[in-house]
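# Report on the structure
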Amino acid sequence: MLEKIRTAPAPIVRPNAAYDYDELVQEDRVHQLIYTDPAIFTAEMTHVFGATWVYLAHESQIPKPDDFFTTRLGLRPIIMVRDAQGQVRALFNRCTHRGTTLCRLERGSARMFRCPYHGWAFLNSGKLQTVPWRDGYACDFDDPKFNVAQVPRVESYRGFIFGTLNMAAMPLTDYLGPISGPIDEWLDRHPGGRVVIREANRLMYRGNWKLAYDNSSDGYHVIFSHRSLLETENRLAEEGDKGMSFYKGRPDDAPMYVAYMGNGHHFKDKRPNIEKRPGALWEIEGAAPGTEHVEGELRRKLGARALEALDLCASEPVNINVFPNLSILGNHIQVIEPLSVDTTNTTWYGTAVVDEAGIWGDAIHDINALRMRTQEQFPNFGEVDDLANFEEIQRGLAAQEDEWVYMHRGLGVPGRIRVADNGVITAPATDEVFMREYIKEWRRLMRTPPQLSIRREP
Amino acid sequence: MNSATRAAHDPSRTSHYVTDALYRDVVAWFTDWQREDRAVTDAAARDTFRRLVEREARLLDNDLLEEWAAMLAPECIYWIPASANGGDPRREITITFDDRRRLEDRIYRLRTGYAWSQKPKSRTVRLVGNVEAFICRHDPQARMLRSNVLISEFRGFETRCLAGWCAHRLRERAGGWEITVRQLNLIDCDRNLRNPSVIL
Ligand code: FES
Ligand SMILES: [Fe+2]
């Protein structure tokens, strides 16, 4: 059963005045209010986190029937559950009686959610099952309105589960469009074309969520914001060519590039910087706990195949950003979680390789143990500095009379930006074209009255 | 690996000791170890351990990171789990699972002058207490310490408090004790942390 939701048409900020988003988002710059205004944030929670596809969970977080995992869609508390029939659902974590959350655990397995407050119990399909002392009610509890609300459209793309409240949203595969190419390539470098999530590096910052999404293909900041990491990861390297070293010199002259892939998605591809051969990725991987030991073990166990195995321990040099909240960075699946206009969680889920066919034998344990350690480097030594810079942007923007934030690098420079037949826009690594393009998609969503629905079991 | 080849490897430069056997040992040592029947009751020994934990807190608070790192064995582990039960670092991401080289990376980074997350630097005071010592059941020569820690951290404009308990594994070195594994269990280890950039 579908219920249409009445949503306020536009954020009312000053009495009788709505924002003109064409004024706030211009060709070369955006207004500071898009990062600082609580009314705009409130509107984003329906216009963006509601009206478009939003990443919710990875299927490895709910592998078996009855498994659940609690998360949010925007600010809405959500229980991601694989119901008893195996269907993945995104239930609103909200009791239909008086509104309390039904589930307070981060994850687990349950056929039924019994409300802690007055004991109404719901099947994990969302259907109301029992009400204590039913004879005290005159109503018909078979009315679907008592079943838990859920996200009406939940779809998975190769293990990445998305949901939207917009019945008119295009199919997920169309929404992803060209960005599914990099996602496929990222998955297909693993045996069986899949990964599983294994815990996370969980970070938060006092800044607007878009500061993270602006950053995640930004090749301009790397050598400056991450200078401490670059110096650290090369302190023992003879060639000084580890990790992000290809940003040294003039990064725009390197073969890597940024791309805008439509519907708000953007992509930074650093793979062209390295040769296409087994072991090339491993050569630039920074030192991690166990590096030399595992390399020796894998060479001993696997011989010539060791390089391919070592590449699985190394970080894939891509930043795949699916609007508005999913970034596949290296081997991490990073989720951007807006909490308020100036508070954001970035959760960097670690991924492990699964080897169901047994092609790596017991070497798979060495591969995954080292892969955990290589993944821990960037959040510890890199991301913390970006987050400090995001917080300082938020602080700087309090200087409200200086209204504009510029994202015009590359704009108007002849021959710099290319548009392919499929609409994909590419530019040198430090170009800000991906920001200018995604924020146009944001503007389109903010101007469009959201048509939202929720669903309940019949 | 025999001791001769091991001696040829400087753990500050190469990482040969983070092996499957080491992971197995670390997980075993840090499982079910706080047992009354193995508690150290000798007052002088307990005082020695309390002083070790207090010294560590003082060195970290005073930014004497190199001196602090010297309290740890050359082949050490500095571990902050991301799951409340400690978890298995072979199978999952931790907040931190540093060997000697990465621990020195951590200090090096803070010393570059370009670690923006520590510009300005945090000022910290640690309150350590409830220090208890246990004899390791896998090795009667080794000791395990449990202590509670409150870290008040002032940076920029605010002071925040981080709370947790620390587990140290110690072994004797030249009449004293050195730390072979230091595990810090933050009470909010499985929640999103803001700016975890100081050595905790
Ligand atoms: S609020 Fe859930 S049963 Fe009353
Ligand atoms: Fe960055």
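Residues numbered from 1 in each chain as written. Chains lettered and ligands numbered in written order. Predicted model: local features only at pLDDT ≥ 70, side-chain atom pairs only at ≥ 80, totals over all residues. Heavy atoms only, no water.

### Comments concerning the overall build of chain B
Secondary structure assignment for chain B yields five helices and seven strands. N-terminal to C-terminal, the α/β element order of chain B is α-α-α-α-β-β-α-β-β-β-β-β. Relative to its length of 200 residues, chain B is compact, with a C-alpha radius of gyration of 17 Å against a globular reference of 16 Å. Its C-alpha atoms give chain B principal-axis dimensions of about 45 × 40 × 35 Å. Pairs at least 24 apart in sequence give 63% of the contacts found in chain B among residues at least 6 apart. Taken as a whole, chain B presents about 9200 Å² of accessible surface, with 49% of it coming from carbon and sulfur. Charge separation in chain B, taken as the distance between the mean sites of 33 positive and 29 negative side-chain charges, equals 3 Å. (Helix = DSSP H or I, 4+ residues; strand = E, 2+ residues; numbered from the N terminus. Rg over C-alpha atoms; globule rule 2.2 N^0.38 Å. Contact = heavy atoms within 4.5 Å. Areas by Shrake-Rupley, 256 points an atom, 1.4 Å probe, with all protein chains shown as cover. Lys, Arg positive; Asp, Glu negative; His and termini not counted. Charge placed at Lys NZ, Arg CZ, Asp CG, Glu CD.)

### Considering the overall build of chain A
For chain A, the count of helices and strands is 13 helices and 25 strands. By the compact-globule yardstick of 23 Å for 458 residues, chain A fits well, its C-alpha radius of gyration being 23 Å. C-alpha extents for chain A along the principal axes are approximately 80 × 60 × 40 Å. Every one of the 458 residues in chain A was classed for burial, and the buried ones make up 61%. A separation threshold of at least 6 residues defines the contact pool for chain A, and within that pool the share at least 24 residues apart is 66%. Here chain A displays about 18300 Å² of accessible surface, and carbon together with sulfur accounts for 51% of that area. Across chain A, the mean location of the 53 positive side-chain charges is 5 Å away from that of the 63 negative side-chain charges. (Buried < 20%, exposed > 50% of the residue type's maximum accessible area, 1.4 Å probe, protein only.)

### Observations regarding the interface of chain B and chain A
On the side of chain A, 47 residues touch chain B, which itself brings 44 residues to the contact. With both sides pooled, the region where chain B packs onto chain A buries about 4000 Å², and carbon together with sulfur makes up 50% of that total. On the chain B side of the interface with chain A, the three residues burying the most area are I93, R102 and N192 of chain B, jointly 19% of the side's total. Inspection of the region where chain B meets chain A yields five salt bridges. Residue R109 of chain B pairs with D385 of chain A through a salt bridge whose shortest N-O separation is 2.6 Å. (Buried area = accessible area lost by both parts, 1.4 Å probe. Salt bridge = Lys/Arg side-chain N within 4 Å of Asp/Glu carboxyl O.)

### Describing the sheet that holds strand β7 (residues 76-82) of chain A
What holds strands together in a sheet is hydrogen bonding between their backbones, with the strands either parallel or antiparallel. Residue and element names in this part refer to chain A. The four strands are arranged β8-β7-β6-β9 in an open sheet whose pairing can be described as antiparallel. Strand pairing shows two members of the sheet lacking a second neighbour, β8 (88-92) and β9 (107-109), which therefore form its edges. Strand-to-strand twist of the sheet, defined as the mean angle between neighbouring strand axes without regard to direction, takes the value 30°. Bridge analysis of strand β6 (residues 67-73) against β7 gives six bridges, and the strand direction is antiparallel. Residue pairing across strands places R72 opposite P77, the latter belonging to β7. (Pairing = 2+ DSSP bridges. Axes fitted to C-alpha atoms, helices over the stretch in contact; angles between N-to-C directions.)

### Remarks on the side chain of R101 of chain B
Residue position: R101 of chain B is located in helix α5 (residues 100-111). Assessed through its relative accessible area of 3%, R101 of chain B is described here as buried. The contacts of R101 of chain B, once residues within four sequence positions are left out, are R235, L236, A287, A288, T291 and E292 of chain A together with P11, S12, R13, T14 and S15 of chain B.

### Notes on the environment of P77 of chain A
Residues and elements named next belong to chain A. With respect to the helices and strands, P77 occurs in strand β7. On the accessibility criterion, P77 (35% relative accessible area) is partly exposed. Taking the C-alpha atoms as reference, P77 lies 7.5 Å from R94; in sequence the two are 17 residues apart. Leaving out residues up to four positions away in the same chain, P77 has contacts with T71, R72, L91, F92 and N93.

### Section: the coordination of the iron ion (ligand 2)
All names here are of chain A. Listed as protein donors to the iron ion (ligand 2) are H221 (NE2), H226 (NE2) and D386 (OD); their distances from the metal cover 1.9 to 2.1 Å. Within one chain, the residues serving as donors to the iron ion (ligand 2) are arranged as H-x4-H-x159-D. Classification of H221 as buried rests on a relative accessible area of 15%. Look at H226 and you get buried, because its relative accessible area is 2%. (Donors = N, O, S within 2.8 Å, 3.2 Å for Na, K, Ca; no water.)

### Quick notes on the confidence of the model for chain B
Across chain B, the average pLDDT comes to 95, with 96% of residues at 70 or higher. Listed scores for the predicted complex are pTM 0.95 and ipTM 0.96. (pLDDT = per-residue confidence, 0-100.)

### Considerations on the environment of L22 of chain B
Residue and element names in this part refer to chain B. Here L22 is to be found in helix α2 (residues 20-29). Taking C-alpha positions, L22 is 9.9 Å from I77, a pair spaced 55 residues apart along the chain. Those residues within four positions of L22 in sequence are excluded, and the remaining contacts are Y17 and I77.

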